[in-house]
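Residue-level structural notes
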Amino acid sequence: MAIDHPHRRTRLSALLLVALWSLAESKYIAYNTTQRIVADKLNVHIVAHTHDDVGWLKTVDQYYVGSNNSIQGACVQNVLDSIIPSLLADKNRRFIYVEQAFFQRWWRQQSDEIKNTVKELLSSGQLEFINGGMCMHDEAAVHYIDMIDQTTLGHRFIKQEFGIIPRIGWQIDPFGHSAVQAYLLSAEVGFDALYFFRIDYQDLAKRKDLKSLEVIWRASKSLGLSADIFTGIFPKNYEPPPGGFYFEVNDDSPVIQDDPLLFDYNVQERVDDFVAAALSQANITRANHIMFTMGTDFKYQYANSWFRQLDKFIHYVNKAARQLEFFTERNSSGYTTDSLADALAIAQHHDAVTGTEKQHVANDYAKRLSIGYSEAEKLVGASLACLTEPISRPGCYNMTTKFEQCPLLNISYCPPSEVDLSRGKKLIVLVYNSLGWKRNDIIRIPVISESIVHDSDGNEIESQLLPLADATINLRSHHVKAYLGISPSITPKFWLIFAVSVPPLGFNTYFVSSTKGKGSVASVSTFYSSEESKKSNIEVGKGKLKLLYNVKDGTLTHYLNSRSLVKASMEQTYSYYAGDSGSGSDPQASGAYIFRPNGTFPIKPEKKTPTTIVRGSILDEVHQQINPWIYQVSRVYKDKEHAEVEFTVGPIPVDDEIGKELVTKITTGMATNKTFYTDSNGRDFIKRVRDYRSDWEFQVNQPVAGNYYPVRDYRSDWEFQVNQPVAGNYYPINLGIYMQDDSTEFSVLVDRSVGGSSILDGQIELMLHRRLLYDDGRGVGEALNETVCVDGECAGLTVQGKFYVKIDPLGEGSRWRRTFGQEIYSPLLVAFSKEDGGNWTGSHTANFSAMDPSYSLPDNVALITLQALEDGNVLLRLAHLYEVGEHKDLSAMAYVELKKMFPVRKIGNIIEMNLSANQEKAAVEKKRLKWKTEGSSGVETIARGAPVDPSKLVVELAPMEIRTFMIKFDYITFAKIGDS
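Residues numbered from 1 in each chain as written. Predicted model: local features only at pLDDT ≥ 70, side-chain atom pairs only at ≥ 80, totals over all residues. Heavy atoms only, no water.

As recorded in an unreviewed UniProt entry, the chain goes by the name alpha-mannosidase, listed as coming from Musa balbisiana. The UniProt entry for the chain carries the following text under Sequence similarities (unreviewed entry): "Belongs to the glycosyl hydrolase 38 family." Under the Catalytic activity (unreviewed entry) heading, UniProt states for the chain: "Hydrolysis of terminal, non-reducing alpha-D-mannose residues in alpha-D-mannosides." (UniProt positions renumbered as here; feature names shortened; annotations may be inferred.)

Structure, rendered in structure tokens:
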């Protein structure tokens with residue numbers, strides 16, 4: 001039977017079906033599910049799937065085994081157990097699966113017989129892995145390297161175990177989508193397409209109206225059409241279409257009752273429902289193919305209840321002479337980092353890193369990370385002990401040197417450094433640099449007495465002792481008890497601050513002792529109170545950068561750089577947005593998912609606590625107690641041209657029953673014309689214009705009642721409504737945010753994912769902490785009100801973090817953002833050991849670099865992966881750090897000489913891989929889909945690095961290019977490896 005459609009006659013037929021038999025009038029009915037596509041008809045592709053959050057309302061393991069069902073009835077083990085026999089029942093049935101964190105748990109428990117069956121199902125295409133990462137990672141609060149790592153972990157397992165390569169990106173539940181996901185984690189991985197649902201409600205309505213839910217996403221200006229990806233946006237959600245098509249055992253959708261001997265026969269009614277849903281979706285798409293996502297969160301726990309109904313729909317809709325298709329897209333120390341890699345991968349899940357999980361699930365993520373870190377710490381300690389041996393050999397055993405790390409160093413707790421150094425004892429401080437270029441930096445460690453520092457040649461180096469502030473000591477005491485369950489036995493007196501210089505991919509060793517001879521270059525910081533100054537301004541900083549503060553109220557007033565001649569007014573303040581309770585005219589509360597402010601309130605510094613200035617030979621600090629729950633330290637280093645701001649915020653008071661979302665605002669006199677730039681997953685910087693979207697013809701700054709988009713007839717000139725002038729202009733910040741005018745650019749870099757914006761011209765704001773009292777009704781069922789408990793007393797969470805500010809002449813800021821941003825992401829690793837009167841340098845290797853002593857990576861290239869794999873290969877990733885046109889010199893082709901990068905190793909074989917290292921790059925390019933796009937000739941000159949000549953071993957990298965290689969080394973030379 002034909003169906004009239006505005007643009008085409010439509011017939012629905014079938015793709016997936018099993019021969020199921022039912023008895024009616026003493027004979028069987030064979031459900032016909034044969035597959036075919038009809039070119040001029042509407043083809044409905046039914047995708048049977050489950051979306052299994054790797055932690056949300058329950059922990060990842062609770063979801064897997066099906067425990068804690070008082071919170072949510074969900075058991076992923078049941079899903080996978082149930083899917084296999086259901087697929088075996090009919091060769092036409094198809095199912096897709098995504099989350100490898102769950103599948104790998106299930107796979108480990110299966111018999112060889114079941115494993116062979118699963119391999120057959122995967123080989124036949126009945127079961128298909130898509131996305132393929134350990135989780136469906138977030139796209140806002142994650143760094144691109146972490147996205148790559150968790151995807152690679154899943155893809156490599158799939159390739160090694162099954163010889164299969166996922167072809168489809170499936171980001172159906174993350175809260176918004178990034179350019180980096182499109183061009184890097186989709187196109188560069190080798191996907192044919194990317195599908196998702198969650199986008200801005202106005203954008204979704206517009207795309208439905210204009211029939212533009214399917215697009216070619218060109219997300220990289222540097223890589224252009226070479227990284228295009230077909231992108232499909234679901235019209236409603238990732239669940240079945242409207243009309244009652246949920247078929248879990250306890251779902252209330254009407255099933256097809258097709259036995260004429262029983263009551264409630266409803267075949268025609270249900271067929272009509274299905275056809276209506278198909279035609280409704282067809283009206284908002286341009287082509288004659290639509291997708292029905294048949295499944296949702298934790299469905300198919302009893303898979304046959306779904307497939308039984310889907311089989312019937314296919315059979316009867318086909319017998320109504322219409323076209324239907326079931327479709328799934330085409331497609332040695334004994335210590336390891338495996339536990340940490342798995343925990344980090346799971347933590348990238350869109351309900352983990354975002355904070356939209358229940359509190360007990362957040363605790364579970366933290367526990368997994370802690371366990372993984374502990375295991376990795378042992379590996380690091382053993383590896384460093386091996387490398388410090390005079391001659392390093394594979395499989396170092398029976399080493400007497402022990403290295404320790406300090407995971408709580410940020411709260412000044414470091415037992416290895418808080419030791420008595422009398423009687424000739426020395427503290428060994430080994431500093432490792434994981435980046436491919438030499439680093440000169442400042443480190444600080446807590447010590448219990450006055451100390452000095454020597455380098456590995458025996459020369460004393462400049463150091464500064466800075467007494468611990470009371471706020472630091474209080475934070476340390478409280479949180480050590482909270483995290484470790486113990487109270488520190490001693491309290492350090494000083495921060496010992498000194499400069500280090502570390503070679504690329506290597507380490508240097510420093511020696512801390514208590515002996516202070518004549519001519520020592522160690523100094524103790526001096527303290528001043530703002531009340532002691534007779535001037536109106538206080539100047540802070542000994543080097544090229546200086547900050548000016550107002551004596552009267554302690555506020556920052558000016559930023560001065562004598563080298564770049566930048567002179568700018570600058571003010572930093574704190575304020576908070578009151579979280580909407582949802583009890584007024586707007587029912588939407590502010591919560592874990594939703595930022596819904598109800599007014600902004602400035603926080604004025606309390607006058608009873610004067611500003612304290614600390615001056616020293618290496619750095620100056622400004623200590624400010626803004627109010628009882630905000631403490632800030634601003635630092636200016638002698639040899640650096642940026643300022644560092646360390647904030648300690650919390651517990652945020654809620655005695656007034658008002659949730660608060662704390663921000664800091666940095667205000668300059670720059671004329672920025674509503675424009676600013678934010679990073680995309682720490683990779684590209686995206687231009688943002690306040691209250692504006694470039695693909696909308698009209699911008700209307702009028703609020704709409706109820707904050708919902710208006711219903712309207714079809715029109716091409718959609719108006720963009722600014723309903724939330726603050727929240728609607730907020731963006732995720734993983735690396736940094738900057739703005740510029742006609743002469744300068746002002747950059748702020750962060751040490752963690754935060755929200756940020758430029759709500760006023762010349763001003764940047766960052767959201768540093770949130771504490772809210774109401775659930776926002778998006779599923780988690782808890783308010784964002786995290787607490788820390790000590791001895792049975794609980795208080796709101798305290799956070800401590802840093803951000804960094806710099807003003808450059810126009811065009812010069814990108815070098816700092818890219819280089820220092822990489823150093824923030826990959827901080828120096830500091831490890832400690834002891835020397836009791838011996839001669840460390842005579843019995844150990846004190847400095848090391850894996851690279852040729854004369855070589856380091858180019859300034860525009862970062863080493864992002866160097867990993868020894870279990871099969872003996874080495875995984876290498878190199879990334880160009882700059883976009884096309886970002887820097888006058890550094891946005892150029894870069895060259896990496898592998899022979900100098902690995903001077904003592906001979907490369908026997910090198911193969912270029914796709915981004916997730918599960919297939920050769922050449923194979924990806926051969927099968928990459930080519931798209932014709934509106935307004936494009938399809939001809940574009942895009943720079944890409946040339947294939948690597950195995951005789952020269954030089955890797956070329958074009959702007960924003962990441963290249964991945966699998967390397968096999970023939971041999972390694974031992975003779976004080978890398979000694980420098």
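Now, onward.
1. Side note on the pattern of salt bridges
Applying the stated criterion across every chain yields a total of 46 salt bridges. Arg770 is the partner of Glu661 in a salt bridge, and the nearest nitrogen-oxygen pair spans 2.6 Å. With Glu661 in strand 30 (residues 660–668) and Arg770 in strand 39 (residues 763–771), the pair connects residues that are 109 residues apart, well separated along the chain. A cluster of three or more residues bridged by salt bridges with shared partners is formed by Glu188, Lys921, Glu925, Arg928, Arg944 and Glu961. (Salt bridge = Lys/Arg side-chain N within 4 Å of Asp/Glu carboxyl O. Helix = DSSP H or I, 4+ residues; strand = E, 2+ residues; numbered from the N terminus.)

2. So, the domain arrangement of the chain
Along its sequence, the chain is organised into domain 1 (363–524 + 827–848), domain 2 (527–694 + 724–810) and domain 3 (851–969). At the junction of the two partners, domain 1 supplies 6 residues and domain 3 supplies 11 residues. Roughly 580 Å² is buried in total at the junction of domain 1 and domain 3, and carbon and sulfur atoms are behind 72% of that figure. When the buried area of domain 1 at its contact with domain 3 is split by residue, Gly436, Trp437 and Leu505 rank highest and sum to 75% of it. Applying the counting rule to domain 1 against domain 3 returns 0 salt bridges. (Domains from an automatic or database assignment. Contact = heavy atoms within 4.5 Å. Buried area = accessible area lost by both parts, 1.4 Å probe.)

3. Thoughts on the sheet that holds strand 6 (residues 168–171)
With mixed pairing, the 4 strands of this open sheet are ordered in space as 6-7-9-8. Of all strands in the sheet, those with a lone pairing partner are strand 6 and strand 8 (214–217), marking the two edges. Pairwise comparison of adjacent strand axes, ignoring direction, gives a mean angle of 25° for this sheet. Where strand 7 (residues 193–196) lies against strand 9 (residues 229–233), 4 bridges are found, and the strand directions are parallel. The partner of Tyr195 across the bridge, within strand 9, is Gly232. (Pairing = 2+ DSSP bridges. Axes fitted to C-alpha atoms, helices over the stretch in contact; angles between N-to-C directions.)

4. Regarding helix 8 (residues 267–282)
In a regular helix each residue adds 1.5 Å, so 16 residues correspond to 22 Å; helix 8 covers 23 Å between its end C-alpha atoms and thus fits that length. Along helix 8, the residues classified as buried are Val267, Arg270, Val271, Phe274, Val275, Ala277, Ala278, Leu279, Gln281 and Ala282. (Expected span 1.5 Å × (residues − 1). Buried < 20%, exposed > 50% of the residue type's maximum accessible area, 1.4 Å probe, protein only.)

5. Digging into the packing of aromatic side chains
With the rule as written, the count across this model stands at 37 aromatic pairs. Where Phe498 meets Tyr510, the ring centres are 5.9 Å apart and the plane angle is 50°; that geometry is what we call tilted. You can see Phe498 sitting in strand 17 (residues 494–502) and its partner Tyr510 sitting in strand 18 (residues 506–513), a full 12 residues away along the chain. Among the residues examined, Phe498 registers a relative accessible area of 0% and is labelled buried. Measuring from centroid to centroid gives 5.5 Å for Tyr577 and Phe595, while their planes differ by 70°, and the two rings are edge-to-face. (Phe/Tyr/Trp six-rings, centres within 6.5 Å; stacked < 30°, edge-to-face > 60°.)

6. Re the state of the cysteines
All chains considered together, the criterion is met by 2 disulfides. Paired by a disulfide, Cys406 and Cys414 hold their sulfur atoms 2.0 Å apart. Every disulfide takes its handedness from the sign of the S-S torsion; for Cys406 and Cys414 that torsion is 55°, giving right-handed. Neither residue differs from the other here; Cys406 and Cys414 are each classed as buried. Paired by a disulfide, Cys789 and Cys794 hold their sulfur atoms 1.9 Å apart. With the S-S bond torsion at 100°, the cross-link from Cys789 to Cys794 turns out right-handed. What makes Cys789 partly exposed here is its relative accessible area of 39%. No disulfide involves Cys75; its sulfur sits 20 Å from the nearest other cysteine sulfur, which is in Cys135. For Cys75, a relative accessible area of 6% gives the class buried. On the basis of relative accessible area, Cys135 is assigned to the buried category, the value being 1%. (Disulfide = S-S within 2.5 Å.)

7. With respect to the side chain of Thr678
Note on placement: Thr678 falls in strand 31 (residues 675–680). Judged by its relative accessible area of 0%, Thr678 is buried. Within the local environment of Thr678, its side chain forms a polar contact with the side chain of Arg688, the two groups lying 2.9 Å apart. Setting aside anything within four residues of it in sequence, one finds Thr678 in contact with Asp684, Phe685, Ile686, Arg688, Tyr731, Pro732, Ile733, Gly736 and Ile737. (Polar contact = N/O pair within 3.5 Å; in protein donor to acceptor, adjacent residues only side chain to side chain.)

8. Quick notes on the nonpolar core
Counting 66 residues, the largest nonpolar core has Ile83, Phe95, Phe103, Phe162, Phe292, Tyr300 and Phe307 as its most contacted members. At 8 residues, the largest contribution of residues to this core is made by helix 8. Val98, Tyr195, Ala227 and Tyr238 belong to the second-largest nonpolar core, a separate cluster that totals 50 residues. (Core = buried A, V, L, I, M, F, W, Y, C linked by side-chain atoms within 4.5 Å.)

9. A short note on unusual backbone geometry
For the peptide bond that leads from Gly650 to Pro651, omega is -10°, which places it in the cis range. Notably, Asn673 is not glycine yet its phi reads approximately 55°, a positive angle. With respect to the secondary-structure elements, Asn673 resides in the loop between strand 30 and strand 31. In this model, Lys674 sits at a positive phi of 65°, which is unusual for a non-glycine residue. Position of Lys674 among the secondary structure elements: in the loop between strand 30 and strand 31.

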